[in-house]
Amino acid sequence: MDVRHFERITAFIEARLTPLFDPESGSDHGWGMDDKSRALRSLRNTVLGASAVKGIVERRAEADAAMRRVIDQALEHNWDVLRGIARQWEDHPDFVREFKRHAWELEEAPATAAAEA
């Protein structure tokens, strides 16, 4: 799986989340101890954790078959986490069909083609 898929979906989600941290939305920049701030921090931490795959992707090429299966499972899991979050904004004009695809469907097309589809 190409790391560019993860970069695009993360950018899309971050663009939806970042305004929610602004005081105009009633937030204390997300650092308050109210439930909204806690939820925003939790969601952002989940996104950041699931999108931190660059090192895993780089190691995949040199991995043996058994390790490659483990890497593929980790990438699929992280993609599914991000995909589930992004689909909450499926009606947003910046949402692209790539964000609905399963990890194995992304393998079928290069990252640039998937972004255009």
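Just so you know, the residues in each chain are numbered from 1, in the order the chain's sequence is written. Since the coordinates come from a predicted model, pLDDT governs what is reported: local features require at least 70, and pairs of side-chain atoms require 80 or more to be given and counted, while whole-chain, interface and lining totals use all residues. Calculated side-chain values reflect all of the structure's heavy atoms, with hydrogen atoms and water omitted.

Across its full length, the chain carries six helices and zero strands. The order of α-helices and β-strands along the chain, N terminus first, is α-α-α-α-α-α. Here the term buried applies to any residue with accessible area under 20% of the maximum for its type, exposed to any over 50%, and partly exposed to those in between, with areas from a 1.4 Å probe on protein chains only. The buried share among the 117 residues of the chain stands at 35%. Here a residue-residue contact requires only that any non-hydrogen atoms of the pair lie within 4.5 Å. Pairs at least 24 residues apart make up 56% of the contacts formed inside the chain by residues separated by at least 6 positions. With an accessible surface of roughly 6,900 Å², the chain has 53% of that area assigned to carbon and sulfur atoms. A run of H or I in DSSP counts as a helix once it spans at least four residues, and a run of E counts as a strand once it spans at least two, with each numbered from the N terminus. We get accessible surface area from the Shrake-Rupley algorithm with a probe of 1.4 Å; when it comes to residues, only the shown protein chains can shield them.

Our focus in this paragraph is the pattern of salt bridges. Any Lys or Arg side-chain nitrogen located within 4 Å of an Asp or Glu carboxyl oxygen qualifies as a salt bridge. In total, this model carries nine salt bridges according to the counting rule given. Among the ionic pairs, Arg44 bridges to Glu14, the shortest N-O distance being 2.9 Å. Of this pair, Arg44 sits in helix 2 (residues 35-51) while Glu14 sits in helix 1 (residues 3-17), and the two are 30 residues apart along the sequence. Each member of the pair, Arg44 as well as Glu14, is classed as buried. One salt bridge in this structure joins Arg87 and Glu90, with 3.3 Å as the shortest N-O distance. Here the residues in one salt-bridge network are Arg87, Glu90 and Lys100, joined through shared partners.

Each pair of packed helices can be described by the angle between their axes along with the distance between the axes. In this analysis an axis means a line fitted to C-alpha atoms, helices contributing only their contacting stretch, and an angle means the value between N-to-C directions, from 0 to 180 degrees. For the pair helix 2 and helix 4 (residues 65-86), interaxial distance at closest approach is 8 Å and the crossing angle is 140°. Judged by the inter-axis angle, helix 2 sits oblique to helix 4. Seen from above, helix 2 lies across helix 4 with left-handed handedness. For the pair formed by helix 2 and helix 4, the contact residues are Leu43, Thr46, Val47, Gly49, Ala50 and Ser51 on the first element and Asn78, Val81, Leu82 and Ile85 on the second. Any angle between 65 and 115 degrees counts as roughly perpendicular, while under 35 counts as roughly parallel, over 145 as roughly antiparallel, and the rest as oblique. By the definition used in this description, the sense in which the near helix is turned from the far one sets the handedness, with an anticlockwise turn below a right angle giving left-handed and a clockwise turn giving right-handed.

Another point: the environment of Glu62. Here Glu62 shows up in the loop between helix 3 (54-60) and helix 4. For Glu62, a relative accessible area of 61% puts it in the exposed group. Whenever a nitrogen or oxygen atom comes within 3.5 Å of another N or O atom, the pair is scored as a polar contact, on the condition that within protein one atom can donate a hydrogen and the other can accept it, and that pairs from neighbouring residues in sequence are kept only if both atoms are in side chains. Reaching out from Glu62, the side chain makes a polar contact with the side chain of Arg59 at a distance of 3.2 Å.

Shape descriptors only; they carry no functional weight alone.
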